[in-house]
Structures are given as C-alpha cells and as structure tokens.
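# Architecture and fold: a report
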Amino acid sequence: MVHICCYAQSPLITNVYNRTIINLNGKWQYIVDPYETGFYDYRWKERNERDREAYWNSDVPDNKTDRKEHGYTDKNILNVPGDWNSQDTKFLYYEGTVWYKKSFDFKNVAADKKVFLYFGAVNYKCDVYLNGKKLGAHKGGFTPFNFEIPQDLLKEKENFLVVKVDNKRYADEIPTLNTDWWNYGGITRDVQLVLVPQNFIRDYSIQLSKTSLSTKEKKIEGWIKFSAPVNENILLEIPGLKFKKEIAVSGDSAAFNFTLPALELWSYQRPKLYQIILTSKDDKVKDKIGFRTIEVQGSRILLNGKPIFLRGICIHEEIADQGRRAYSKADALQLLKQVKELNANMVRLAHYPHNENMVRMADSLGILVWSEIPVYWTIDFGNAEVLQKAKQQLNEMITRDRNRCSIIIWSVGNETPVTDARTNFMGNLAQTARQMDGYRIISAALETHTDNGVITVDDPLGQYTDMVSVNEYLGWYGGLPNNCRNAQWKIKYDKPLFFSETGAEALGGYHADSLTRWSEEYQEWFYREQVEMMKRMPSNFSGLSPWILNDFRSPRRNNPTYQQGWNNKGLFDHNGKKKKAFYVLKSYYDEMKKKMP
Ligand code: GCB
C-alpha cells in the first residue's frame, strides 16, 4: 500500500531536462468532477484502489450490461503543460477537481533502468495513479516532484496514467484563501518520464566560495548525492577550462573543493556559463553553470565583490495577452526581453517559484533573480503542519535551483502581518533556507507603517533577513504621489534597503490629467515622484523591483470600468503595449546604469 501524504514520494531528481526523458506533454483527456465523485463514494468515503467507479480505474465497460458512469474521451481534451482556465471559457473561474488521463506506450526499456514520473508543477494538489495503482500525492502549486514507478507496473502498450488535480483554496495551505493573482489550475508545467541507471546521480551543488575573491583563489565548493551508496571515483569535467578532477565517493554522497584560477566569473554584464560534466560508473549528467559570489557587506549588496544597484521589476508567471500561465522557453524569452527593454538587471519572480525555463533563461541572458515561496498575506502561522508545508516548498525550490547562478535571493514570503507566531514561522524558514544554501541572500517582502508621518520599517523579521525589502505604495494606497516629496524614512536595520514593490494602476490607453486615477498620466506621475524620492534615499538604498512588468489577471480587481478582473499596475498593458510610466522607470534605470554599471 503506497503511503499517501502531501510530500513527493521520492527525493527530487535535479536537472531532469539534461537526462534521458520521455515527454508526456501534449493532449490529455479529462473529466471535470466538482463533487469529487471519482474519489469519494456516496457516503463520502475514499474509494478503495480497485473500486470500478474510481476515476483512476478503467473507463471501458466490461460488457454491454456493465454500467460505467465515467469516461475519458477526445471530446474533452486539455493541453499539458497548461492551465485549464485559459483553455475553455467554462474553466475561467473554476476551482475544484479535474481528472487528467494520458495513455502511453513504453517499449524497450532496459531492466537496469529506473523510471521516474516527474511533474514540473501541478496546481495545487494532485493524486497520481498508474494502471490503477496509486503512485503518490503532492501539494504545492509551483514546485516539482517525482515518483519512482515500479518496473512491473509499466506495460508496453497503453499505460493508463491518471492525475486528479484539485486547485481549491484552503486556509491551511500555501498560499491560502486570499491572493491577488489568478488561481490557474491544472498540470501547468512539463510532465515526463525520467530514465536513470539503478544507481544514479540524484543531486549536486557546485558553487564559488565566498572567500574566493578576497583570496583571489577562485575556490569551488560542492557536493554530489547518489540515489544509493557507491564506492568509486567519479569524474568532474569542465571542458571550457580543460579541467578534470576525480572525486572519491564512498557512501551516498561526497563533498569536494578545488580551485579554478582561470575561471571567468558570471555577472549580469557578462553571463558566462560553463559546461559541467559529472561521470560516475553508471551515470553521466551535464549542466551549464555560472560562478559568482553574492553577499551583503554592511549596508551594500556585492556581486563578485563589487557593490551593485538592483534595477529590478516584479513579474507574475503569466502571458497577459493570452490570459494564461507562462511555462515554455518562448514564454520566458518573451517576458525577459521586456525586462531587457526596461534596462533592468534583475527580476523578482513573484510570488512563487516560476518554471525552470525562466531561471535557466535568466542564467543565460544575465538577469539577477529573486525567487520566492508563496507564503503570502494570511498564512495560518500558528499551525505546525503549515510550517512543514512551507518548508517542503522551500526545499523543492532550493533543490531544483541551487545551481542557477542568476538566483541571488531566496525570499521566504510577502507582506505578512507582524505577530510572534508569524515571526517564528518565517524566521524558521529563513534559517532553513540559510542552512540549505549558504551562497545566497535571504529576504522577505515586508510592510511599512507610518508613525507621525514617518514611514517606519521595524518589522522584527528584519533581524532574520540579510537585506531589508519593503513594499511601499506611497501615492497609490496612501495619499497622492506628491506625498513622496516630504516622505521621511525611519529604518531600524543597517542593512541594504530594497523596495520589493511600488506601483500604481493605469488602464492602458486611458489618458487624462495626472490627477485622474487609472489614467496613464497618474501612473506616470506616480513613478516620477517615486523616482525623485528614491534619489533622496539613504546610501543603503540598493535597488527596487516595482510592481509590475505586465498587467495581470486578478479576481479581486472589480472596478467595472478600469479593472474588470485585471490588476493594471503593469508597465506594459495586457496587450503588450508600453504605458507612459515605462519610460520614466527606464530613464531612471539608464541613469543608474551609468552610475553603477
Ligand atoms: C502588494 C502585493 C501584490 C499585489 C499588489 C497590489 O503589495 O504584494 O501581490 O498584487 O500589492 O497591486 O496591490
């Protein structure tokens, strides 16, 4: 009997795209099941594995007397990867269960291979069945997971793969009931079979040591983990540097370090990546990795030992003109090209880990990344199980991406209320992130409060983070933009200060005078005042990621004239057209680039 829980059934395999894979993307048949009839019987008891009415079991009647009340058909098709909301108007607001089914053949697989079923992400909860057997379950809408498939379960012909996907919101999940983005449901990222040797390289970390620059040694530190203990020498190669090193492994993991004097560092100005090849007796994994250091020293952020200014912008994982989740390389390129047009050097991937294409593309285009888990607004902070769920998502995010040099910041959440329970919860996450990965900055987007006209930042969570990131909307949620002129700031921490959000809405193409809310001119004015205020900020001011690159769908935004289900704080409107504010921010970024290239 497979144990059912919210965790992936097998430890995550990293870098799956560079392994032997069989793609299961494409057309999947589906059944919409708002009452979860395929899962619970009429007494609301979970159906047992062999229940013929369970939707994970065959939908083919045994004979003409047989009664079947479920069925998969080509009349009901969803594309995978993809959210269901954008694929048929009946799904636009749907929150509930949809069963997905894929039939696939599986031939010629050597018995010495292991086979894993890998999902890039499914929002939010899924239960996965193959040929009538449960492989496992997973919760968390934005991180990958995999299950090992027992060899004797796979057939040469017509394997019957069923995934129950449920995107309902709950108070004790992450995120919770309340978000300001669209709850896109479905199998939103790639699905593939990953074929690996019996004993394979499951995970590894290869990083430039922080001390490298002071010693000029360019020391690389790392580790490798196998799926089971081995006793052998593995080979690590970096062909671009003609470098080879044997590493002795006895057990299921080994640590190593070495120096690479000729190494060229990765930076957003020159995003140099090296091919890395790891070869063990049975396995071989290739990756492309860049080497850089990122750290906070005093009140500055240093990349490769030099102070930087983060010319950032927030992004949701959405293609606005098609009103859908982004998932592909083409989507990542479309979004990151917009970022380049703005002359930005950084993105805040809000408010959840984006797909792997995005961070790999950021590595190769040279864009710094803030990556975040959806600990957002109103999490049930007093609940120990919820903390475990948050940790699981943090773990999956860091495990997938720790070798992506573009990622410089792990964020443990956004705009959470100051209480002891919340500070313990998020302090714990910050500590976990630091233990898992000592090569990045830990942060969280905090709120400010205003005391006697002074904007105050004193959130106790600031003591656990390496930089102080705040969301401020002076001139949109409080007063008018000219309030920025006499804004006084009081910041408790002597750490780099970052505006993780600021922004105002404008309906693209709506023009009026600058005092008129929702007009492009109001948003433009807002940005002008904000930029002037930023120029007066104290010297620890280290950058910003305004809210947001593109307009995005949000069910909370119900002004019938100016919103209609969209949050219109984008610098690009939902047809991809630049608003006036775009040019204000761009010219600030042009100026800052000259000062701190
Ligand atoms: C915020 C949130 C973001 C919202 C934004 C807004 O502070 O972090 O998720 O979408 O404000 O537009 O209000």
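Turning to the overall build of the protein, a few remarks are in order. Broken down by element type, the protein carries seven helices and 33 strands. Expressed along its principal axes, the backbone C-alpha trace of the protein runs to roughly 80 × 60 × 45 Å. In the protein, which comprises 597 residues, the share counted as buried stands at 59%. On the protein, roughly 23,600 Å² of surface is accessible, and the fraction owed to carbon and sulfur atoms is 49%. Across the protein, 81 positive and 73 negative side-chain charges occur, with their mean positions spaced 4 Å apart.

A sheet is described by the order of its strands in space; here three strands give the open sequence β26-β27-β29, paired in mixed fashion. Of all the strands in the sheet, the pair left with one neighbour each is β26 (449-451) and β29 (488-491). On average, adjacent strands in this sheet sit at an angle of 35° to one another, irrespective of strand direction. Inspection of the sheet shows strand β27 (residues 454-457) paired to β29 by four bridges, in the parallel sense. By the bridge assignment for β29, T456 is matched with K490.

It is worth spelling out the pattern of salt bridges at this point. Across all of its chains, the model carries 48 salt bridges by this definition. The partner of D459 in a salt bridge is R422, with the nearest N and O atoms 2.4 Å apart. Here D459 is found in the loop between β27 and β28 (468-471), whereas its partner R422 is found in helix α5 (residues 420-436), with 37 residues between them in sequence. R422 carries the same exposure label as D459, and that label is buried. With a shortest N-O distance of 2.6 Å, R440 and D437 are connected by a salt bridge. The residues R440 and D437 share a single accessibility class, namely buried. Each of D287, E356, R360, D363 and R404 takes part in one network of salt bridges that share partners.

Our next topic: the site of the ligand. The environment of the ligand is formed by 14 residues, the closest being D180, Y376, E415, Y477 and K569. One nitrogen or oxygen atom from the side chain of Y376 is found 2.6 Å from an oxygen atom belonging to the ligand. K569 has a polar side-chain atom sitting 2.6 Å from an oxygen atom of the ligand. Taken together, the residues that form the shell around the ligand break down as five nonpolar, four polar and five charged.

In this section: the domain arrangement of the protein. Quite often, the size of an interface is put as the accessible area lost when its parts meet. Split by domain assignment, the protein resolves into domain 1 (16-197), domain 2 (214-292) and domain 3 (296-503 + 542-551 + 585-595). The gap between the C-alpha centroids of domain 2 and domain 3 is 29 Å. Note on domain 2 versus domain 3: buried area summed over both sides is about 1,400 Å², and carbon and sulfur give 55% of it. When the buried area of domain 2 at its contact with domain 3 is split by residue, W266, Y268 and R292 rank highest and sum to 52% of it. Inspection of the region where domain 2 meets domain 3 yields two salt bridges.

Counting residues in each nonpolar core, the largest one holds 82 residues, and the members touching the most others are V375, F425, F499 and Y588. Leave out the neighbours within four places in its chain, and F499 touches V470, E472, W489, M533, M534, M537, F541, G543, L544 and S545. If you look at the next biggest cluster of nonpolar residues, it comprises 32 residues, including L78, V80, F104 and V115.

This brings us to the environment of V369. Position of V369 relative to the elements: it lies in strand β23 (residues 368-372). Each C-alpha atom of the pair V369 and N383 lies 30 Å from the other, and the pair is 14 residues apart in sequence. Once residues within four sequence positions are removed from consideration, V369 is found in contact with V347, L349, V359, A362, S406, I407, I408 and I409.

In the case of a regular strand, side chains alternate between the two sheet surfaces. Examined bridge by bridge, strand β16 (residues 294-297) and strand β17 (residues 300-303) share four bridges and lie antiparallel to one another. Residue pairing for β17: V296 is matched across the bridge by I301. What sits between the antiparallel neighbours β16 and β17 is a turn of two residues, in which G298 has the positive phi angle 60°. Two elements, β17 and strand β18 (residues 306-307), share two bridges in a ladder whose sense is antiparallel. What sits directly across from L303, in β18, is K306. Between the end of β17 and the start of β18, which pair antiparallel, lie two residues, with N304 showing a positive phi angle near 50°.

Attention shifts here to the sheet that holds β17. Read across the open sheet, the three strands follow the order β16-β17-β18; overall the sheet is antiparallel. At either end of the open sheet lies a strand with only one pairing partner, and these are β16 and β18.

In this model helix α4 (residues 384-401) runs 26 Å from its N-terminal to its C-terminal C-alpha over 18 residues, within 8% of the 26 Å that 1.5 Å per residue would give. The backbone nitrogen of E385 lies 2.9 Å from a side-chain oxygen of the residue at the head of α4, namely N383.

Turning our eyes to something else, we now look at the environment of Q151. Residue placement: Q151 occurs in the loop between β8 (145-149) and β9 (159-166). Under the relative-accessibility criterion, Q151 is labelled partly exposed at 34%. Remark: the alpha-carbon pair of Q151 and V109, spanning 42 residues in sequence, is separated by 9.6 Å. When neighbours within four sequence positions are excluded, Q151 is seen to be in contact with V109, A110, A111, K113 and V115.

Examined against the element boundaries, I315 turns out to sit in strand β19 (residues 310-315). Given a relative accessible area of 1%, I315 falls into the buried group. Apart from residues no more than four positions distant in its own chain, I315 is found in contact with L335, L336, V339, V347, R348, L349, A350, H354, M358, I548 and L549.

Before going further, it helps to examine the confidence of the model for the protein. Reading predicted coordinates in detail is not appropriate for stretches of low pLDDT. The predicted model of the protein has a mean per-residue pLDDT of 96, with 98% of residues at 70 or higher. Throughout residues 1-7 the model reports pLDDT below 50, and contacts reaching past four residues in sequence, or to other chains, amount to 17 contacts.

How each quantity is defined
- Residues numbered from 1 in each chain as written.
- Predicted model: local features only at pLDDT ≥ 70, side-chain atom pairs only at ≥ 80, totals over all residues.
- Heavy atoms only, no water.
- Helix = DSSP H or I, 4+ residues; strand = E, 2+ residues; numbered from the N terminus.
- Buried < 20%, exposed > 50% of the residue type's maximum accessible area, 1.4 Å probe, protein only.
- Areas by Shrake-Rupley, 256 points an atom, 1.4 Å probe, with all protein chains shown as cover.
- Lys, Arg positive; Asp, Glu negative; His and termini not counted.
- Charge placed at Lys NZ, Arg CZ, Asp CG, Glu CD.
- Pairing = 2+ DSSP bridges.
- Axes fitted to C-alpha atoms, helices over the stretch in contact; angles between N-to-C directions.
- Salt bridge = Lys/Arg side-chain N within 4 Å of Asp/Glu carboxyl O.
- Near = heavy atom within 4 Å.
- Polar contact = N/O pair within 3.5 Å; in protein donor to acceptor, adjacent residues only side chain to side chain.
- Nonpolar A, V, L, I, M, F, W, Y, C, P; charged D, E, K, R; others polar.
- Domains from an automatic or database assignment.
- Buried area = accessible area lost by both parts, 1.4 Å probe.
- Core = buried A, V, L, I, M, F, W, Y, C linked by side-chain atoms within 4.5 Å.
- Contact = heavy atoms within 4.5 Å.
- Expected span 1.5 Å × (residues − 1).
- pLDDT = per-residue confidence, 0-100.

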